[in-house]
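# Understanding the architecture of this molecule
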Amino acid sequence: MRTPEELHLVDWAVLERGCGDGDPPELIRALYAEDPDVVDAALDALFDSVLHRDAVYPAAVAAVPYVAHAAAHATHRRHVMLMFLAMAGGAQEQVWTEWEAEGGARVAEELPGLLHLLRDADPQVRRQAVRAARRAAGESLPPAVAALAARLREDPSGRVRAEALMVLNRLETDPAGRLRAALADRSPAVRATAALCLLERAGAPYPAALVDVLVADAGDPEFRADWDGWFPGVGITEDRLDRLLDADPAAGLAVAAGWIAAGAHESCGVRRALRVADTCRGRDAEIAALLLAALVRRGGEGRMAGVLSGLADCVGRGVDPAPVVEAALSLLGSSDEATSRCAQGILAEAGDTRLLDLVPDPDPSALAVLAARTGDPALCRRVLQPEPVRTCCDTWHGSPRNVLLNALTPERAAPLLPDLVRLLRTSPSPQLAHALAGFDLADPELVGELVELTDHPNQVLARAAAVAAARLGADPEPALRLLAEGLAENEQHLAETALLGPVGAPLLPLVERYLTADHHARVRVDAAEALWRITGDGERAAPLLLAELGPTRHGVKALAVLRRTGRPLPSEQRALVARWPDASPAELQKRNLLWGPEDDARMCEEVRLLLALPG
């Protein structure tokens, strides 16, 4: 291993370009200081400048031999220096850039002079030396494997031994025998690591015996010790478990049930059950049963909000509400505000009006959901009462009454017209303006209020009010002017333009600009919808929409617009759409196609509605 004085000067030149205001020779010399604060400052400068946000820069590669020498010979913070070396090959398991590849190769060259640190008295140093050994390659690979195998046999720390096994799993060509032997190890962290690595090599459905190991041992703190940050070149244990169990919902539920039953794993057991709810269809009854079991085993009110919120979601998706409501009743008066609010949400989702009798001042969100579920006019009026304006964010984007507005039909909205007009006058919002136009309540007082808002200083509200007024028969000029200004700048106003229908004909040239291939598919779908609504020309819009069909947010919207045009879907596309629900929500989310349960439910509903139409 070379000393700093022996390193070629060109390395200093490259390093200097990445060290900001720092002086590279001084930073490197500071790593050997007797004062640990001086060492900390130098390491902070190196991390911030050459490994900023886990990105590997050329200067990081140049720094590797200097930091390696310091890690082997300095007095303080050697584990942080080894952490630097582990990260110099990139944070992800897969190498993405040439500098990550070069950084990993540089670390591999320095490893022979670092392997003795695997036997260091400090367990933090040993752990980070294991992580640096992940970069072993070429001539450094055989001695690294031998040294890691010795750590797996001998190290007193379960954390170090578990991570040694993780690294050996990456370095050896066929580690299955070692992994199977590790299932009988004395350390639960090692056993859980072996099970995780073996399951990653298996296909779903997974062997029950390996899943049982995760149930018994994966809650061990030494196994989950890397959840606070990346294990460079391996990944985060939590993420690996998520990917693994997303592929086998039955295994995911088994792990959740085991952890919940164990009590000590309550919080992560609930999280696992809720993740199955987010990534799998048709398991709501099982998930509700697990969450109810977690509620019984709760370790304090502070932990219950997530459980109750998940139960409310299950009720909203059609699970039998009776046992869930029964469990929530005793929690309505909880001193913990979050617990009480979530318990109220369960009764609201179930449409249980006992909420009004049992809680003197119900949570506004629960009231809005209860009004939406029951349609009771008196309760709807209560929800629509104006409130003091707080901030734009609170009033326009997070208002609980938006839940009710989304659920109202024109028939239900008609008797509420005076309340809606009063709300528009005192607490106007874009959502309310668009909702009122959708109810088709062409009341002169309502239209007058909307017209007055077209001069509002906030352009978002002014534009929404102008569009709503035009839809209800008012002069379209303000809407056309405001939308023309918006469309000239960006595509964000296409959805409102579509709402104008034929009245928006003067905006057609601006809409057509967004139909071209140089715009994102989402933008082209919005533009195609606006084209159809303005012109009524399904023949022209259909090819544009068909080209974007897919199990994505914009693809589902394209399907919805095609269905509304009344044009039958060609048989080939119809068969393709029918297969969309066969892809699991977990897979769709992994590919960033859909973003969660609501998107997935919308996709399945659109497919159902389409298949109900004549072919």
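With that settled, the discussion passes to the overall build of the protein. Helix and strand counts for the protein come out as 38 helices and 0 strands. When its C-alpha atoms are laid out on the principal axes, the protein stretches across 85 × 55 × 55 Å. Counting the 615 residues in the protein, one finds 53% classified as buried. Across the protein, the fraction of contacts at a sequence separation of at least 24, relative to all contacts at a separation of at least 6, is 62%. The protein carries 64 positive and 88 negative side-chain charges, and their two centres are separated by 5 Å.

Let us look at the nonpolar core. One finds L31, M81, L82, F84, L85, L114 and L148 to be the most contacted residues of the largest nonpolar core, which totals 85 residues. Of the residues forming this core, the biggest block, 11 residues, is contributed by helix 4 (residues 58-73). Aside from chain neighbours lying at most four places away, what touches L148 is L118, V130, A133, A164, V167, L168 and L171. Core analysis: the second largest hydrophobic core is formed by 74 residues, A312, A372, L384 and A413 among them.

The N-to-C vectors of helix 33 (residues 521-535) and helix 35 (residues 553-565) enclose an angle of 15 degrees; their axes lie 9 Å apart at closest approach. Taken together, the axes of helix 33 and helix 35 are roughly parallel relative to one another. The interaxial crossing formed by helix 33 with helix 35 has left-handed handedness. Where helix 33 abuts helix 35, its residues A521, R522, V525, D526, E529, W532 and R533 lie against H554, K557, A558, V561, R564 and T565.

Here we take up the environment of F439. The residue F439 is located in the loop between helix 27 (430-438) and helix 28 (444-453) in this model. A relative accessible area of 6% places F439 in the buried class. In the structure, F439 is positioned 114 residues away from V325 in sequence and 33 Å away in space, judged by C-alpha atoms. F439 has contacts with L405, L408, T409, P410, A413 and L420, leaving out every residue within four places of it along the chain.

With that settled, consider unusual backbone geometry. In this structure, P205 follows A204 across a cis peptide bond, with omega equal to 0 degrees. You can see P205 is positioned in the loop between helix 11 (188-201) and helix 12 (208-217). Here R77, not a glycine, exhibits a phi torsion of approximately 55 degrees, which is positive. Within the fold, R77 resides in the loop between helix 4 and helix 5 (78-87). The residue D440 is not glycine, and still its phi comes out positive at about 60 degrees.

Once that is clear, we can look at helix 26 (residues 417-426). Listed in full, the buried residues belonging to helix 26 are L417, D419, L420, V421, L423 and L424. The inward-facing, buried residues of helix 26 abut helix 22 (377-383), helix 24 (401-407), helix 25 (410-413), helix 27 and helix 28.

The next thing to look at is the confidence of the model for the protein. Per-residue pLDDT for the protein has a mean of 89; in total, 90% of the residues score no lower than 70. With pLDDT under 50 throughout, residues 389-397 is counted as low confidence; its partners more than four residues away or in other chains account for 17 contacts.

A few words on the packing of aromatic side chains. By the definition in use, this model includes 1 aromatic pair. Considering the side-chain rings of F47 and F84, the 5.4 Å spacing of their centres and the 80 degrees angle between planes classify their relative orientation as edge-to-face. Pair noted here: F47 is in helix 3 (residues 36-50) and F84 is in helix 5, with a separation of 37 residues, a long-range link. For F47, a relative accessible area of 17% gives the class buried.

Here the structure, examined in full by the defined rule, presents 43 salt bridges. R422 serves as the salt-bridge partner of D419, at 2.9 Å between the closest nitrogen and oxygen. Of the two residues, D419 and R422 are both situated in helix 26; the distance of 3 residues between them amounts to about one turn of the helix. Among the residues examined, D419 registers a relative accessible area of 7% and is labelled buried.

Along the polypeptide, R524 turns up in helix 33. Residue classification places R524 among the buried positions, given a relative accessible area of 19%. Among the polar contacts listed, one links the side chain of R524 to the side chain of E548, at a separation of 2.9 Å. Leaving out residues up to four positions away in the same chain, R524 has contacts with Y514, L515, T516, A517, H519 and E548.

Orientation of helix 27 relative to helix 29 (residues 459-471), taken along the N-to-C sense of each, is 5 degrees, at an axis distance of 8 Å. Taken together, the axis directions place helix 27 and helix 29 in an arrangement best described as roughly parallel. On helix 29, the residues that touch P430, A433, H434, A437 and G438 of helix 27 are V460, L461, A464, A465, V467, A468 and R471. Its residues assigned to classes, the contact of helix 27 with helix 29 shows 9 nonpolar, 2 polar and 1 charged.

Next up on the list: the environment of R463. As for its placement among the helices and strands, R463 is situated in helix 29. The class for R463 is buried, based on a relative accessible area of 11%. Taking the C-alpha atoms as reference points, R463 and P25, separated by 438 residues in sequence, lie 60 Å from one another. Among all residues touching R463, those that are not within four sequence positions of it are L482, L483, H493 and E496.

With that out of the way, let us pick up helix 29. For helix 29, with 13 residues, the first-to-last C-alpha span of 18 Å sits near the 18 Å given by 1.5 Å per residue. Counting buried positions over the 13 residues of helix 29 gives 10, a clear majority of the element. Burial in helix 29 covers these residues: L461, A462, R463, A464, A465, A466, V467, A468, A469 and A470. At the N-terminal end of helix 29, a side-chain oxygen is found 3.0 Å from the backbone nitrogen of V460, two or three residues along, and the residue is N458. Just beyond helix 29, the residue with positive phi is G473, at close to 105 degrees.

What counts and how
- Residues numbered from 1 in each chain as written.
- Predicted model: local features only at pLDDT ≥ 70, side-chain atom pairs only at ≥ 80, totals over all residues.
- Heavy atoms only, no water.
- Helix = DSSP H or I, 4+ residues; strand = E, 2+ residues; numbered from the N terminus.
- Buried < 20%, exposed > 50% of the residue type's maximum accessible area, 1.4 Å probe, protein only.
- Contact = heavy atoms within 4.5 Å.
- Lys, Arg positive; Asp, Glu negative; His and termini not counted.
- Charge placed at Lys NZ, Arg CZ, Asp CG, Glu CD.
- Core = buried A, V, L, I, M, F, W, Y, C linked by side-chain atoms within 4.5 Å.
- Axes fitted to C-alpha atoms, helices over the stretch in contact; angles between N-to-C directions.
- Parallel < 35°, antiparallel > 145°, perpendicular 65-115°, else oblique.
- Left-handed = near helix turned anticlockwise from the far one by under 90°.
- pLDDT = per-residue confidence, 0-100.
- Phe/Tyr/Trp six-rings, centres within 6.5 Å; stacked < 30°, edge-to-face > 60°.
- Salt bridge = Lys/Arg side-chain N within 4 Å of Asp/Glu carboxyl O.
- Polar contact = N/O pair within 3.5 Å; in protein donor to acceptor, adjacent residues only side chain to side chain.
- Nonpolar A, V, L, I, M, F, W, Y, C, P; charged D, E, K, R; others polar.
- Expected span 1.5 Å × (residues − 1).

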